[in-house]
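Fold and geometry: a report
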Amino acid sequence: MSESNNFFSVNHSDITSKARTGILHLAHGDVQTPVFMPVGTNATVKAITKDDLNEIGFQLILANTYHLYLRPGGDILEKAGGLHGFSGWDKNFLTDSGGFQVFSLAPFRKITEEGVKFQSHIDGSSHILTPESVVQLQRQFNSDIQMQLDVCTGYDITEKQAKEALRITSDWTLRAKNEWLIAKDLGYKGALFPIVQGNFFKELRKQSAEFVSSLDLPGIAIGGLSVGEPEDVYRETLAYTAELLPKDKPRYVMGIGTPAYILEAVENGIDMFDCVLPTRNARNGSYFTRDGSISIKNACYAMDFSPVDSECNCKVCRQYSRAYLRHLFKEQEILSSILASYHNLAFLNQMLKEIREAIEQDRFSSYKESFLKRYNSGKKSVL
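This write-up is about the structure you can find in this document. It should be emphasised that the depicted structure is a prediction, and the values quoted were computed from it without experimental measurement.

Here we come to the nonpolar core. Grouped together as the largest cluster of nonpolar side chains are 85 residues, with contacts concentrated most on Phe36, Ile262, Phe273 and Ile355. In terms of residue count, the dominant contributor to this core is helix α14 (residues 334-360) (twelve residues). Residue contacts for Phe36: discarding those within four places in its chain leaves Phe58, Leu60, Ile256, Gly257, Ile262, Phe273, Asp274, Cys275, Pro278, Leu345, Leu348 and Leu352. The next biggest cluster of nonpolar side chains, apart from the first, holds 21 residues, and it includes Phe8, Leu24, Ala191 and Tyr252.

Rendered as structure tokens:
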């Protein structure tokens, strides 16, 4: 039995958990969920070509509004035919609003009722982003899914600070929705996702979840996780927040990309996630395997002529040995980053295929348990 609307269809709900499979119906093709989105901050996934992404099988990647606003700018992207025309990637783009990037610029930004004033990390120039301008930038990008501008807060702030940040975020949500509706009337086809905030205070999370759910926008994102909190706090806050969200909307947890966190999210009914970790770690010589992550620079791999993961069928594992990949890393060859990034993304994409299959067969809980038992038992220090 499917629950559906024009944007998202739920195909099957696992009887052993809250995990579910579904389809996002986007302007540049359907996307099966649960889905991991590689991060292409500057309209490119680092060390990966669009042909590689197609070969692996990705249908949706993430780009960042903050970075693209600063360079090359919305006008250039619009003239190029949006992100798709500019990059040549003909599948879907989700664009983050830049809220997290501005959050990370704490000494160089000021949050006001109007928006966020900040100094560019590139040249120190002054800028302002408002909820309205962020919607219009993402319209210029022709984003298939765009995020609202929000106030992201770190772990260990006071409830009073969290309440004020949520008040501003909620006001910005309404302004973003109004601007998005105007853009839609002018022919823009992308969806807008509001973001649940509230830090780690349950009552604030509840208020935020109820508020964004009442807006009846195409999907909902859960923000403010993976910002330095202990793992048990992450788990508790994720489970609590996800339970408050409507079942007929896709749910997106921002900024998670380890196998353990992905499985935890799926178990709680989350449909979408992204993270820079798989490709960032790859550039530092860390490879995912079924038996945990390995650091290819370790001396034990100098004469290891086996593949990174004997059960992985990606072209890196089919064609190259650990010894050769270690050699590339030690010599600081560019190819090291290319091959490691390809493998880590292919590993996660295959994992998501297996997750979807396990959900369809009502065995997600056993899949999660067996995957993590093996992954954690063999886990090594990655760096």
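We now examine unusual backbone geometry. A negative phi angle characterises most non-glycine residues, just as the trans form characterises most peptide bonds. Residue Pro34 is bonded to the preceding Thr33 through a cis peptide linkage, with omega at 0°. As for its placement among the helices and strands, Pro34 is situated in the loop between β4 (29-33) and β5 (35-38). Cis geometry is adopted by the peptide bond preceding Pro72, which originates at Arg71 and carries an omega value of 10°. Its location among the elements puts Pro72 in the loop between α2 (65-70) and α3 (74-79).

Okay, the side chain of Asn344 next. Assignment of secondary structure puts Asn344 in helix α14. For Asn344, a relative accessible area of 1% corresponds to the buried category.

The next point concerns the pattern of salt bridges. All told, the structure shown has 23 salt bridges when counted by the stated rule. Lys249 is the partner of Asp216 in a salt bridge, and the nearest nitrogen-oxygen pair spans 2.6 Å. Residue Asp216 is located in the loop between α8 (202-214) and β14 (220-222), and its partner Lys249 is located in the loop between α9 (231-243) and β15 (251-253); the two are separated by 33 residues in the primary sequence. The exposed category is assigned to Asp216, whose relative accessible area is 56%. Exposure remark for Lys249: the relative accessible area of 9% places this residue in the buried category. The salt bridge involving Arg290 is made with Glu354; its shortest N-O contact spans 2.5 Å. Of this pair, Arg290 sits in the loop between β17 (286-287) and β18 (294-295) while Glu354 sits in helix α14; the two residues are 64 residues apart in sequence, bridging distant segments of the chain.

Reading the values: rules and limits
Residues numbered from 1 in each chain as written. Predicted model: local features only at pLDDT ≥ 70, side-chain atom pairs only at ≥ 80, totals over all residues. Heavy atoms only, no water. Core = buried A, V, L, I, M, F, W, Y, C linked by side-chain atoms within 4.5 Å. Buried < 20%, exposed > 50% of the residue type's maximum accessible area, 1.4 Å probe, protein only. Helix = DSSP H or I, 4+ residues; strand = E, 2+ residues; numbered from the N terminus. Contact = heavy atoms within 4.5 Å. Salt bridge = Lys/Arg side-chain N within 4 Å of Asp/Glu carboxyl O.

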